[in-house]
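Residues per chain, in single letters:
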Amino acid sequence: MAKVLVYTEVHDGNAKSVTLEILGKLAGQEIDVACIGDISDGGITALAEHGAGNIHKINGAGLEKYSPEGYSKAIKTIIDKGGYDYVFAGSTSLGKDLFPRLAGMFDAGMATEVTNFLFEGDNFNGTRPLFAGKVLAKVEIQGPKPHFVTVRPNALGMPESKTAGAGKVNEESVDIGEIRAAIKEIVKGASEKVDLTEANIIISGGRAMKNAENFKILNECAEVIGATVGASRAAVDSGFAPHAMQVGQTGKTVAPSLYIACGISGAIQHLAGMRTSKVIVAINTDPDAPIFTKADYGIVGDLFKIVPILTEEFKKIM
Amino acid sequence: MNIFVCVKQVPDTETKVTPNSDGTFIETSSIKWIMNPYDEFAVEQALLLKTANAGSTVTVARVGSVQDTEALRTALAMGADEAILVEGDDNLDSYMISKALKGAIEKSGKTPDIIFTGKQAIDDDCLQVPQLLAQMLDMPSVSVVVGFEGDDKKATLKREVEGGALEVYEVTTPVLVACNKGLNTPRYASLPGIMKAKRKPLQNLSLGDVGVSGDDRRVKYSNFQLPPEKPPGKKFDAMDEAKQAEIVAEVVGLLRNEAKVI
């Protein structure tokens, strides 16, 4: 049995859902959880139900806001005391920034953004996409312990059965010292929606959207089904949408349950970024567009006609 | 200022990638190589900072194979002053590359005031080298940077996170900045720039020269394979307006009852 620490981000008092996905997959290992910030009693219960043995709540001056240096020093304290074999986190904006630095503190290896994994005895064996998902490979980590792993949100799925852990809370005060790169302020984004990388449903527009204003028909549809709106590189490069909305090899790699591609032809670098979506719907006037080769349901038609009808149909059943 | 840029050479985004025969990497024999797209923003930001701070030099470093040196030649042609190439395979892991870059920077004899990198390389998509290199050099780092205002002493950096929100960092140099699309508009190399680049100093080092050996490998890959192909889906012709309502209703029905995603 491997001894594993899972670092979780806390959002509105609860652990992020990717943490629960990871805990479910780790069933059978000795699992502790570490978090920074105020987690609610309900959040602690959920972690315990999903298998957390000890739950380390870390506090200290300077930890009110994220900083790569502060957070990595704080989590290192827990790792040093616990003697872990593996340390896991979700591959979120924060996880991607924090974990390489943390791994560097131990001269240790790290597997980025795995989409599946299992343990063979005490050894981690993961699967991860490379080249934006154009290929998959088996990944193993060697060298000094602990080994670090980040997991793509939505990839593992929620566990079907839960194995509860003790859920013993341990309050840990740490002194992180001087922070050289600190957040002065946070400017909210245009979208309050779930980020593309964590979205369950995405509706994306391509060059055929013609301009930025036309994205409102996607926004209206997204509103009805709780989707996040994305865009192709062609749409971003044409100035219809900001880069934060770009799906593809030079944008975001996404894996929602449902991906609706509107007026996207399906360039190889776009397909790479969305092909692992569970179900793909494509709407395009060109019956030979490459996007149709990846679509579960293809509609050959004009998006400006089809999308409003789609929105109305969704309204009937939602 | 001593400005450094770390670049990687990657297959063009339109490349059809195939696993090699023993499944340990991809087939690299007929690939068109380009500078990693995010690194172009790093080179451009370095050049802008050099222009604003007279007497500065821009040193560009790369670790990788020599079957093509497109990335370094492009950076020099854009205006970087000198280049360092650490020769190694194209499938080194993030730890080896970071350690090699650290060695190359130390070998240059210059103490970096600022290091620019891309936010990620679009080949192995590991997003580790910027933070790892900063940790190895005991430097702060800010990643996914879309805004840079600063001089030789301090900088205000905007880091993009989920939902397009921005974290605004205040840092003093030395610092490592990992750049995202949107930070600037990279310049094209001019013809005189390309001619001049041929005479700029390029230092060649081996992995051994920068203290990296096979024992430094931390991540091992095997079983490279193409993702499973999906079975062909259902396609509906809705060019005829009279049929559109019926077809869309059918697709929505399938999403609910067959795919069960709505």
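All of these numbers come straight from a predicted model, not from anything done at the bench.

Draft legend 1. Spotlight on the overall build of chain B. Scanning chain B for helices and strands turns up six helices and 13 strands. With respect to the three principal axes, the spread of C-alpha positions in chain B is 70 × 45 × 40 Å. Split into buried and exposed, the 262 residues of chain B put 49% on the buried side. In chain B, of all internal contacts separated by at least 6 residues, the share reaching a separation of at least 24 is 73%.

Draft legend 2. Quick peek at the overall build of chain A. Regarding its fold elements, chain A presents eight helices and 18 strands. The C-alpha radius of gyration of chain A comes to 21 Å, within 12% of the 20 Å expected for a compact globule of 318 residues. Along the first, second and third principal axes, the C-alpha atoms of chain A reach 60 × 45 × 35 Å. By residue count, 59% of the 318 residues in chain A fall in the buried class. Summarising the internal contacts of chain A: among those between residues at least 6 apart in sequence, 67% fall at separations of at least 24.

Draft legend 3. Broad picture of the sheet that holds strand β1 (residues 2-7) of chain B. With mixed pairing, the 10 strands of this open sheet are ordered in space as β13(A)-β9(B)-β8(B)-β7(B)-β10(B)-β6(B)-β1(B)-β4(B)-β5(B)-β11(B). The open sheet is flanked by β13 (182-187) of chain A together with β11 (202-206) of chain B, the only strands paired with a single partner. Strand-to-strand twist of the sheet, defined as the mean angle between neighbouring strand axes without regard to direction, takes the value 30 degrees. Bridge count between β13 of chain A and strand β9 (residues 166-172) of chain B: five bridges; the pairing is antiparallel. From the neighbouring strand, I183 of chain A faces β9 of chain B, where its bridge partner is Y169 of chain B.

Draft legend 4. Looking closely at the domain arrangement of chain B. Here chain B is described as being made up of domain 1 (2-216) and domain 2 (230-262). Look at where the C-alpha atoms of domain 1 of chain B and domain 2 of chain B centre, and you get two points 46 Å apart.

Draft legend 5. Main features of the confidence of the model for chain B. Summary statistics for chain B give a mean pLDDT of 95 and a share of 100% for residues scoring 70 or more. Both scores are available for the predicted complex, with the pTM at 0.93 and the ipTM at 0.94.

Draft legend 6. Layout of helix α2 (residues 70-78) of chain B. Residue and element names in this part refer to chain B. Counting buried positions along α2 gives seven out of nine residues, so the element sits mostly inside the fold. Of the positions making up α2, those classed as buried are A71, L72, T74, A75, L76, A77 and M78. Residue G79 follows α2 closely and has a positive phi angle near 140 degrees.

Draft legend 7. Molecular detail of the interface of chain B and chain A. Taken together, the contact pairs 73 residues of chain B with 76 residues of chain A. Of all the secondary structure elements, the ones that give two or more residues to the side of chain B that touches chain A are α4 (129-136), β7 (141-150), β9, β12 (219-225), β13 (234-237) and α6 (241-257) of chain B. The element contributing the most residues to the side of chain B that touches chain A is α6 of chain B, with 11 residues. Grouping the amino acids of the side of chain B that touches chain A by side-chain chemistry returns 39 nonpolar, 15 polar and 19 charged. In this sheet, β13 of chain B lies alongside strand β18 (residues 297-300) of chain A in parallel orientation, the contact comprising four bridges. Bridging from a neighbouring strand, G298 of chain A pairs with K235 of chain B of β13 of chain B.

Draft legend 8. View of the nonpolar core. By size, the foremost hydrophobic cluster in this structure holds 189 residues, and its most contacted members are V5, A75 and V177 of chain B. Beyond its immediate sequence surroundings of up to four residues, V177 of chain B is in contact with I114, F116, V142, V145, F148 and L157 of chain B.

Draft legend 9. Expanded view of the domain arrangement of chain A. Residue and element names in this part refer to chain A. The assigned domain composition of chain A is domain 1 (3-173) and domain 2 (196-317). Summarising the inter-unit geometry, the C-alpha centres of domain 1 and domain 2 are found 32 Å apart. Residue composition of the side of domain 1 that touches domain 2, grouped by class: four nonpolar, two polar and two charged.

Draft legend 10. Structural detail: helix α2 (residues 41-49) of chain A. Regarding α2 of chain A, the residues found buried are G43, I44, A46, L47 and A48 of chain A. Lining the buried residues of α2 of chain A we find β2 (10-11), β3 (14-15), α1 (17-25), β4 (30-36), β5 (54-59) and β12 (168-173) of chain A.

Draft legend 11. Looking closely at the packing of helix α8 (residues 303-317) of chain A against α6 of chain B. As a packed pair, α8 of chain A and α6 of chain B sit with axes 9 Å apart at the nearest point and diverge in direction by 45 degrees. Between α8 of chain A and α6 of chain B, the angle is such that the two are oblique. Crossing of α8 of chain A over α6 of chain B shows right-handed handedness. In this structure, α8 of chain A uses K305, I306, I309, L310, E313, F314 and I317 of chain A to contact α6 of chain B, whose residues at the interface are E241, Q244, A245, V248, A249, V252 and R256 of chain B.

Draft legend 12. Structural detail: the environment of P130 of chain B. Residue and element names in this part refer to chain B. Along the polypeptide, P130 turns up in helix α4. In this structure P130 comes out as buried when scored by C-beta crowding, with 31 C-beta atoms within 10 Å. In sequence terms P130 and V63 are 67 residues apart; their C-alpha atoms lie 14 Å from each other.

Draft legend 13. Representation of the sheet that holds strand β8 (residues 116-120) of chain A in the model. Here four strands make up an open sheet; going across it, the order is β8(A)-β9(A)-β10(A)-β12(B) and the pairing antiparallel. Each edge of the open sheet carries a strand with a single partner, namely β8 of chain A together with β12 of chain B. The average undirected angle you get between the axes of adjacent strands in this sheet is 25 degrees. As paired elements, strand β10 (residues 135-141) of chain A and β12 of chain B share five bridges and run antiparallel to each other. Bridging across to β12 of chain B, E140 of chain A finds its partner in K220 of chain B.

Draft legend 14. Representation of the environment of T117 of chain B in the model. Residue and element names in this part refer to chain B. If you trace the backbone, T117 turns up in strand β6 (residues 114-118). For the pair formed by T117 and G193, sequence separation is 76 residues and the distance between their alpha carbons is 22 Å. The residues touching T117, leaving out its near neighbours within four places in the chain, are C6, D39, A42, V129, P130, L176 and A178.

Draft legend 15. Summary view of the packing of helix α3 (residues 94-107) of chain B against α4 of chain B. All names here are of chain B. At a minimum axis distance of 9 Å, the contact between α3 and α4 shows a crossing angle of 50 degrees. The angle between α3 and α4 falls in the class oblique. As α3 runs across α4, the sense of the crossing is right-handed. Contact residues: α3 offers S94, Y95, I97, S98, K99, L101 and K102, while α4 offers V129, L132, L133 and M136.

About the criteria used
- The numbers attached to residues start from 1 for each chain and follow its sequence in the written order.
- Here chains are named by letter from A upward and ligands by number from 1 upward, in the order in which they appear as written.
- Where local features are concerned, this predicted model is filtered to residues with pLDDT of at least 70; where side-chain atom pairs are given and counted, the filter is 80 or more; whole-chain, interface and lining totals use all residues.
- Each helix corresponds to a stretch of at least 4 residues labelled H or I by DSSP, and each strand to a stretch of at least 2 residues labelled E; elements are numbered beginning at the N terminus.
- Counting other C-beta atoms within 10 Å of a residue's C-beta gives its exposure: the residue is buried at 20 or more, exposed at 12 or fewer, and partly exposed in between, where C-beta atoms are placed from the backbone.
- Contacts here follow a simple rule: the backbone-placed C-beta atoms of the two residues must lie within 7 Å.
- Between the two quantities, the radius of gyration covers C-alpha atoms and the globule rule is 2.2 Å times the number of residues to the power 0.38.
- Think of it this way: DSSP has to see at least two bridges between two strands before they count as a pair.
- To define axes, lines are fitted to C-alpha atoms, for helices over the stretch in contact only, and angles between the resulting N-to-C directions are given on a 0 to 180 degree scale.
- Start and end points for every domain follow an automatic or database-based domain assignment.
- Across the chain, each position has a pLDDT score giving the predictor's confidence in that residue, from 0 to 100.
- Put simply, Ala, Val, Leu, Ile, Met, Phe, Trp, Tyr, Cys and Pro go in the nonpolar bin, Asp, Glu, Lys and Arg in the charged bin, and everything else, Gly too, in the polar bin.
- A set of buried Ala, Val, Leu, Ile, Met, Phe, Trp, Tyr and Cys residues, joined through C-beta atoms within 7 Å, is what we mean by a nonpolar core.
- Roughly parallel means an angle under 35 degrees; roughly antiparallel means over 145; roughly perpendicular covers 65 to 115; every other angle is labelled oblique.
- Take the far helix as your reference; a near helix turned counterclockwise from it by less than a right angle gives a left-handed crossing, and one turned clockwise gives a right-handed crossing.

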